[in-house]
Amino acid sequence: MAKVAILTGYGINADNELKEAFLRAGAKQADRIHINDMIEKPEILDDYQILGFPGGFSFGDHLGSGLVMAHLFKQNLKGVLDKFIAKGKLIIGICNGFQVLVKMGVLPNFDGNWTQEVSLIHNNTGVFENSWLNVRFNPDSPCVWTKGLKEMDIPIRHGEGRFITKDKATLERIKALHLDTVIYNDRNPNGSECDIAGITDTTGRILGLMPHPEAFLTPENHPMWRRQEIKEAAGLALLKNGVDYIDSRNIK
Amino acid sequence: MRTEVYYRDNSIDGRARKVLASLRQNIDSRIQNVAMADVYLTKDIKGLTPELAAFLFSDSVAQRTAVDSPVAEGSLLPDWKYIVEVTYRPGVTNPTAITARKSVETALGRKLAQEEMIQTAVQYLIASPDLSDSQIASMQASFYNPLVQQAEFIKKEEWGTKKLPAFYPYKVASSEVTIKDFDLASMDDAALEKLSEERLLALNLTEMKSLQKYFTAPDTVAARKKAGMGNATDVELEMIGQTWSEHCKHKIFSADIDYEDTEAGTKEHIKSLYASYIKKTTKDLWDKKPFLRSVFSDNSGVVEFDKDNLVCFKVETHNSPSALDPYGGAITGIVGVNRDIIGTGKGARPFFNTDFLCFGNPDTPDEDIPSGLLHPKAVMSGVHHGIIDGGNQSGIPTVADGFLFDDSYTGKPLVFCGTGGIMPASMAGEGTWIKHINPGDKAVMIGGRIGKDGIHGATFSSLVLDEASPVSAVQIGDPITQKKMSDFLMEARDLGLYQGITDNGAGGLSSSLGEMAEYSNGVVIDLDKCPLKYQGLAPWEILVSESQERMSLAVEEKNIKAFLDLAAKRDVEATVVGEFNDSGYISILGRGRLAGYLSMEFLHKGLPAMHLNAVWKRPAAPDVKIEKEDPKELLIKILGDPNVSSRETLVRQYDHEVGAVSVVKPFVGKNSDAPSDGAVLKPVYGSSKGVTVTHGICPRVGDWDTYNMAQCAVDEAFRSHIALGGDPESASVLDNFCWPDPVKSAKTPDGEYKLAQLVRTCKGVNRICLDYGLPLISGKDSMKNDASMNGKKVSVRPTLLISLMGMIKDTKKAMTSDFKGCCDYIYILGKTTGAMGGSTYEKIKGKSMGASPSVDTKGAFKMYCQLASAIEKGLVASCHDMSDGGLAVALAESAMGGMCGCDVDLSGIPGDAGLDDIRTLFAESPSRFVISVKKENAAEFEKLMAGAPLKKAGETNCSDAVAFKKDGKTILSITCDEIVKAWKREI
């Protein structure tokens, strides 16, 4: 049964709802764990099968979004995370968490050596934006988190979500491997290359995305719930895919 | 070492694009391009190589780094004409530098020594034709505020002879680190007044004399002698100045007032407006409102949410700091009121922020702004940015926010910052709203260190803003330092590691520990133990500094180790700075000696009450003729008025959803762009119970009578709560008074009238709150909202903000303002009357319209209860409260929300008969709604509303035309697209 570790500390702020969302998605347990506790006792992670990097403003994004958290995590926990990934476990990074994963080089991590190959930079509008929009999921993506999902209304809340790649070859490689997993459907809010809102790694077990599935916890979170019937909180379906993957494979 | 970080290709820098657009709009449309670089200046850091700096400070995919090789000489923007580089002044909090330091320490695996320093700056390269000197000055002013920042400016032709500094000045001017004493006994009146002024104590002569009396009384002298103290010290004077400031003690609200009502021909003596009207209201309602927990006594008001949880609410103002530094003022306002919540009871977790921002007219010509004051647009831009950073970086959603523009706010803006919190109903068998501080408990300060920032904030805000206002009162907030601290506190609270907590706000440690000591009846504070940002602070400065992101706690001896250990693990600085006792004295140690010894009794109860006179005389009734004009043109004008129009681009920059508790968002409707009446949130996962958050504010209504203003403001907040589906029986409100100086003096000859306006506001609030069953649970007053620059005085209109937090039993029944589609009936609920005083119409016409509307408090409440039950039964499709712009605007907004047309006939709507079309459409009578109801629910709806002032006025339809008729004749017709276009005239 899936147990989820959720990173907290230093300005991460969407950790409570991510925990709640995972519990609603069927996780057996979800715990918020401070990065300093993880660093002090890395073996703590052995007990979990999913690791969540939530949204927020780690270190205020003062030196660039997610950058300082990426350095802190990588410097202290790279080995642990490599082991975690090698065991077939899952990782999700949302918004600031996505930025952290990208800057550590965990996404897309073509060559397995944690080299940063893509980035998330200031929106082309130059401002932070909180809106709901529609995203679609690449049916060819190897990502286990988005399996079977077609599209979804979901909120964005970021000032640095513009997805760019190191060079054209990197973008082509992402496309060729179908790692471009989450795509802005109705409008591109930040100038991301190819409307990319989220990518997976080559294993398909690590997902990073700018929109917030954990903010769509109940139908009443949807801005249109008074106007049309919102049957379910769609954001949970994405997290449930992760939980089900672990449960069905009995990964410990 | 100078490390400059910039995007690999300038065209992908969204920030620079935004700056360019703003320069083109505000400085010169010919400006060609802007590029930006983040600059890191490091000094004497052993082991920090250029490679490591590039690694730590830049994004290797998106950015490039130039170390000791100026970007200005590179290919980023070779044809730049001007360079502006902005950094913070010495001693001002620089959150980026704090983070950079942490990052370097992590990489090097060690703490940096004090002499190993990091500064950060932002560099702008501007490609432009030659600009005039005045354009250059405006451009520089748009980049930085000299009160908190410093800048380098270089023209292309100067490059080479002029260089950007390798390191900016960083030393804060040292104070004389001594303790001064003052022989009060020898001082005459003039000397006492001089002392108060020179030390910025903001105490008047009567107060100075009572202080003199205390220090010279034989009992005091004897007690002091025994303790080893002689004359009054600067530490003591400052502590008294802070504790007795208008800001902390609310002297005007507590004054004895002789009130004369010349209209009614009555006189009365009021012993404290606060006790007689504000506290009294809640006292009279206490037995009927079992949800009340803690009111007026703590940092925020606390009520029951459900059996397992309490919620609390507080709104503060941060007007004076925002006038000087809009960004810093607003961000410290937000993080400051967050601390009020964190410091309530045993500690609550903030779950929403809300703000209301009042500025001068954004269209004011530059030459009409008194010199020394910032233009309202600059104030708005800075404050807005501060609210964004304060809320977003703290992970607290900003909801139910508002903007109000009025010329009277050109001197001081009003920046109302509010926060709601939640905490478990009880912990370890005791109500969580209760705190304890016992003799023997350690006094612990946590969070940031103490510097010279924010010295005299409390006394400064109690004075008129003028050229001599102290710049040290202005500071920058760091939400991340505070987030670390608040995360830690929630952990420590749940582990029961502390038992008393309060925030360090105005007055710093002198206020926080002084107030906490009231629980135990004494404290020893050791200033020598307080952690400082840098050396060179006088003991009195340490005591009153308002450096941000600090809380004070009482920790039991047995828990102190566990508390400090957890703080260390969470990277939060915590220091024992004293101990509580029951001596009846506050003892302050500094420089190794006893530096202060004040009796608790004197400090907290020794302040003499003020005696003031208030005289009410109703303004003369002007000619209120309504000119005939095209109602459609008028509607378009009103929809585009800054007080009515859309602020979507501003509001969408606030994160209003973090926490995943949002149910009704700032914008509703088919395109999510129509205004909602407030916010609905459900703060407890798994429970569908929720809270509403709304505001009421209508200062112009007070031109005629502030009694009406008070009632219209309360009514507005309450009717918005009802419109959202709130429960009429369980709402609570906060009162926030922002007044021009109401004390008669040479500078304020009309003080008695302004004070009478205050009296009438309190009477109005009291009456309506009793009739609505609406307890006041906390509040604030700010009494010196005047600015005097070059002899020109700008005073705010007397302003009352009512902020409401109410309950909604089931958020699945929450209501929104948008029409839900065609063929629903439209009802007009509430009485439309002819009074136009205080309306948007009046504002646009620029002339007084005389009498303002009044509230039928008993009738309205009955109607609200009926409507609430109809909404709860699911009979209502949409409900929108009528406020600014009246019926026409409310209906237009509901139509815009649904993007569907409608046809309404307004003849025979409830209220005054025979009103002209303009009054019918645009009067802002309170207690009214536009409601739509599905036809199948109409009969039951009407039955429930029996006896209410209700008229079925028409239907929604499938066209896109909104037609207003009277007796079948169209008086105004407008399409939804025209409404959207007029309303989206962004500020």
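Residues numbered from 1 in each chain as written. Chains lettered and ligands numbered in written order. Predicted model: local features only at pLDDT ≥ 70, side-chain atom pairs only at ≥ 80, totals over all residues. Heavy atoms only, no water.

Asker: So what exactly am I meant to see when it comes to the overall build of chain B here?
Answerer: Scanning chain B from terminus to terminus reveals 29 helices and 43 strands. The C-alpha radius of gyration of chain B comes to 29 Å, within 12% of the 30 Å expected for a compact globule of 987 residues. If one aligns the C-alpha atoms of chain B with their principal axes, the spans along those axes are about 85 × 75 × 55 Å. With 987 residues in all, chain B has 65% of them scored as buried. Counting only contacts in chain B whose residues sit at least 6 apart along the sequence, the fraction spanning at least 24 positions is 82%. Accessible area for chain B stands at about 33,700 Å²; split by element, carbon and sulfur atoms hold 51% of it. (Helix = DSSP H or I, 4+ residues; strand = E, 2+ residues; numbered from the N terminus. Rg over C-alpha atoms; globule rule 2.2 N^0.38 Å. Buried < 20%, exposed > 50% of the residue type's maximum accessible area, 1.4 Å probe, protein only. Contact = heavy atoms within 4.5 Å. Areas by Shrake-Rupley, 256 points an atom, 1.4 Å probe, with all protein chains shown as cover.)

Asker: In this structure, what is going on with the overall build of chain A? I would like to understand it.
Answerer: On a plain count of helices and strands, chain A comes out with six helices and 11 strands. Relative to a compact globule of 252 residues, whose C-alpha radius of gyration would be 18 Å, chain A shows 16 Å and is just as compact. In terms of its C-alpha atoms, chain A occupies a principal-axis envelope of roughly 50 × 40 × 35 Å. Looking at chain A as a whole, 69% of its 252 residues qualify as buried. For chain A, the proportion of contacts with a sequence separation of at least 24, taken over those separated by at least 6, is 74%. When the accessible area of chain A is evaluated, it comes to approximately 8,000 Å², of which 46% is carbon and sulfur surface.

Asker: Any chance you could explain the packing of helix H23 (residues 751-772) of chain B against helix H25 (residues 857-872) of chain B here in plain terms?
Answerer: A pair of packed helices can be characterised by two numbers: the angle between their axes and the separation between those axes. Residue and element names in this part refer to chain B. For the pair H23 and H25, interaxial distance at closest approach is 9 Å and the crossing angle is 35°. Between H23 and H25 lies a crossing of right-handed hand. Touching Arg 767, Ile 768, Asp 771 and Tyr 772 of H23 are Thr 857, Lys 858, Ala 860, Phe 861 and Tyr 864, all from H25. Partitioned by chemical class, the residues of the contact of H23 with H25 number five nonpolar, one polar and three charged. (Axes fitted to C-alpha atoms, helices over the stretch in contact; angles between N-to-C directions. Left-handed = near helix turned anticlockwise from the far one by under 90°. Nonpolar A, V, L, I, M, F, W, Y, C, P; charged D, E, K, R; others polar.)

Asker: Sorry if this is basic, but what is going on with the nonpolar core here?
Answerer: Within soluble globular proteins, side chains that are nonpolar generally end up buried alongside one another. If you look at the biggest cluster of nonpolar residues, it comprises 169 residues, and the most contacted ones within it are Phe22(A), Leu51(A), Phe73(A), Met104(A), Trp145(A) and Phe964(B). Here this core gathers at least three residues from each of two domains, domain 1 (2-158) and domain 2 (817-987) of chain B. Ignoring any residue separated from it by four or fewer positions in sequence, one finds Met104(A) in contact with Phe53(A), Ala70(A), Phe73(A), Lys74(A), Leu81(A) and Trp114(A). Counting residues in each nonpolar core, the second largest holds 101 residues, with Leu292(B), Phe416(B), Ile422(B) and Ala614(B) among its members. (Core = buried A, V, L, I, M, F, W, Y, C linked by side-chain atoms within 4.5 Å. Domains from an automatic or database assignment.)

Asker: Could you clarify how one ought to interpret a negative patch on the surface in this entry?
Answerer: Together, Asp366(B), Glu367(B), Asp368(B) and Asp407(B) line one region of the surface with negative charge. Topologically, Asp366(B) is positioned in the loop between strand E14 (349-359) and helix H13 (376-392). (Patch = residues over 30% accessible without salt bridge, like charges linked within 9 Å, V, L, I, M, F, W, Y side chains within 5 Å. Salt bridge = Lys/Arg side-chain N within 4 Å of Asp/Glu carboxyl O. Lys, Arg positive; Asp, Glu negative; His and termini not counted. Charge placed at Lys NZ, Arg CZ, Asp CG, Glu CD.)

Asker: I'm lost on the packing of aromatic side chains in this one. Help?
Answerer: In this description, a pair of aromatic rings is defined by centroid distance and the angle of the planes. This structure, assessed with the given rule, holds 30 aromatic pairs over all chains. With a centroid separation of 5.5 Å and 55° between ring planes, the pair formed by Phe313(B) and Phe352(B) is classed as tilted. Note that Phe313(B) is positioned in strand E13 (residues 309-317) and Phe352(B) in strand E14, a separation of 39 residues in sequence. The class for Phe313(B) is buried, based on a relative accessible area of 0%. The lysine or arginine in question, Lys78(A), covers the ring of Trp114(A), its NZ or CZ lying 4.9 Å from the ring centre. Sitting over the face of the ring of Phe110(A), Arg173(A) holds its NZ or CZ atom 4.1 Å from the ring centroid. (Phe/Tyr/Trp six-rings, centres within 6.5 Å; stacked < 30°, edge-to-face > 60°. Lys NZ or Arg CZ within 6 Å of the ring centre and 35° of its normal.)

Asker: Quick question: what am I supposed to make of the pattern of salt bridges here?
Answerer: Once the charged atoms of two side chains with opposite charge are near each other, the side chains can pair. Following the criterion strictly, the structure yields 80 salt bridges over all chains and no others. The partner of Asp244(A) in a salt bridge is Lys240(A), and the shortest N-O contact between them spans 3.0 Å. With Asp244(A) and Lys240(A) both in helix H6 (residues 235-249) and four residues apart, the pair spans about one turn of that helix. Using a relative accessible area of 33% as the deciding quantity, one classes Asp244(A) as partly exposed. Given the relative accessible area of 40%, Lys240(A) is considered partly exposed. In this structure, Glu573(B) and Arg449(B) form a salt bridge, with 2.9 Å as the shortest nitrogen-oxygen distance. You can see Glu573(B) sitting in the loop between helix H18 (560-569) and strand E23 (574-580) and its partner Arg449(B) sitting in the loop between strand E19 (442-447) and helix H14 (457-460), a full 124 residues away along the chain. Glu573(B) gets classed as partly exposed once you look at its relative accessible area, which sits at 31%.

Asker: Whenever I open this one, the domain arrangement of chain B confuses me. Can you help?
Answerer: Many structure descriptions define interface size as the accessible area lost when the parts assemble. Assigned domains within chain B: domain 1 (2-158) and domain 2 (817-987). Taking the mean C-alpha position of each, domain 1 of chain B and domain 2 of chain B sit 52 Å from one another.

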